[in-house]
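Fold and geometry: a report
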Amino acid sequence: QVQLVESGGGLVQPGGYLRLSCAASGSISNTYPMGWFRQAPGKQREFVARVTYGGSTNDADSVKDRFTISRDNAKNTVNLQMNSLKPEDTAVYYCYALIKFSYYWGQGTQVTVSS
């Protein structure tokens, strides 16, 4: 089992930045992919970015060149640096870990981009 706790959400103006963090804890090895999804009101949850244990990354076209995912294996954390934020980035952001074909989720953190 693994537990995930996100932090770092909040209210920011368009063009601003935020950094989300996700701390993983549990009794299993941390060699699994981790990443972020988000869900805006009235919309389905959508993929944002992922990072493997080895540091390979993928991100959605909608956040490319604005968001950067990174991982600290020693601290069991994954971070999402979000720059040039837009109102359409407003959503609840969920950290996930993919372990043996099962998704584990954090509780989510709200990101609101508004003037």
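Our subject is the structure that appears above.
Counting of residues starts from 1 at the beginning of each chain's written sequence and follows it residue by residue. Local features in this predicted model are restricted to residues whose pLDDT is 70 or higher, and side-chain atom pairs enter the listing and the counts only when it is 80 or higher, whereas totals over whole chains, interfaces and linings include all residues. Each side-chain value is derived from all of the structure's non-hydrogen atoms; neither hydrogens nor water enter the calculation.

1. Overview of the packing of aromatic side chains
Two aromatic rings from Phe, Tyr or Trp, using only the six-membered ring of Trp, form a pair when their centres are within 6.5 Å; if the ring planes differ by under 30 degrees the pair is stacked, by over 60 it is edge-to-face, and anything between is tilted. Counted under the stated rule, the structure contains seven aromatic pairs. Summarising the aromatic geometry, the rings of Tyr96 and Tyr103 are spaced 5.3 Å apart at their centres and angled 50° between planes, so their arrangement reads as tilted. For Tyr96, a relative accessible area of 3% corresponds to the buried category. Tyr103 sits in the partly exposed class, given a relative accessible area of 43%. For the ring pair Tyr96 and Trp105, a centre distance of 5.8 Å and an interplane angle of 50° mean the geometry is tilted. Under the scheme applied here, a residue whose accessible area is under 20% of the maximum for its type counts as buried, over 50% as exposed, and between as partly exposed, the area being computed with a 1.4 Å probe on protein chains only. Residue Trp105 is classed as partly exposed on the basis of its relative accessible area of 34%. In this structure an aromatic cluster arises from ring pairing among Phe37, Phe47, Tyr96, Tyr103 and Trp105. Lying across the ring of Tyr94, Arg45 places its NZ or CZ 3.8 Å from the centre. For a Lys NZ or an Arg CZ to count as sitting over a ring, it must be within 6 Å of the ring centre and within 35 degrees of the ring normal. The aromatic ring of Trp105 is capped on one face by Arg45, whose charged end is 4.6 Å from the ring centroid.

2. Focus: the nonpolar core
Within the largest apolar cluster, 28 residues are counted, with the highest numbers of intra-cluster contacts made by Met34, Trp36, Leu80, Met82 and Tyr93. Numbered from the N terminus, helices here are DSSP runs of H or I no shorter than four residues, and strands are runs of E no shorter than two. Looking at which element gives the most residues to this core, the answer is strand β9 (residues 91-99), with five residues. We call two residues in contact when some of their heavy atoms are within 4.5 Å. Those residues in contact with Tyr93 that sit more than four places away from it in its chain are Glu6, Leu20, Trp36, Phe37, Arg38, Val48, Phe67, Leu80, Met82, Gly108, Thr109 and Val111. We define a nonpolar core as any set of buried Ala, Val, Leu, Ile, Met, Phe, Trp, Tyr and Cys residues linked to one another through side-chain atoms lying within 4.5 Å.

3. Re unusual backbone geometry
The backbone of Lys100 shows a phi angle near 50°, a positive value even though the residue is not glycine. Looking at the element boundaries, Lys100 is found in the loop between β9 and β10 (102-105). Under the relative-accessibility criterion, Lys100 is labelled exposed at 75%. The backbone phi angle of Phe101 is positive, close to 70°, even though this residue is not glycine. Structurally, Phe101 can be placed in the loop between β9 and β10. Classification of Phe101 by relative accessible area gives exposed; the value is 82%.

4. Quick look at the pairing of strand β8 (residues 77-82)
In terms of residue burial, β8 counts as a mostly covered element, since six of its six residues are buried. Judged by which residues are buried, β8 turns out to be covered on both faces: Thr77, Asn79 and Gln81 on one side and Val78, Leu80 and Met82 on the other are all buried. Bridging between strand β3 (residues 18-26) and β8 involves six bridges; their strand directions are antiparallel. Note that in β8 the partner of Ala23 across the bridge is Thr77. Note that strand β7 (residues 67-72) and β8 share six bridges and pair antiparallel. Bridging across to β8, Asp72 finds its partner in Thr77. Remark: four residues form the turn of the hairpin made by β7 and β8, two consecutive strands paired antiparallel; Asn76 in that turn has positive phi of roughly 55°. DSSP calls a pair of strands paired once it identifies at least 2 bridges connecting them.

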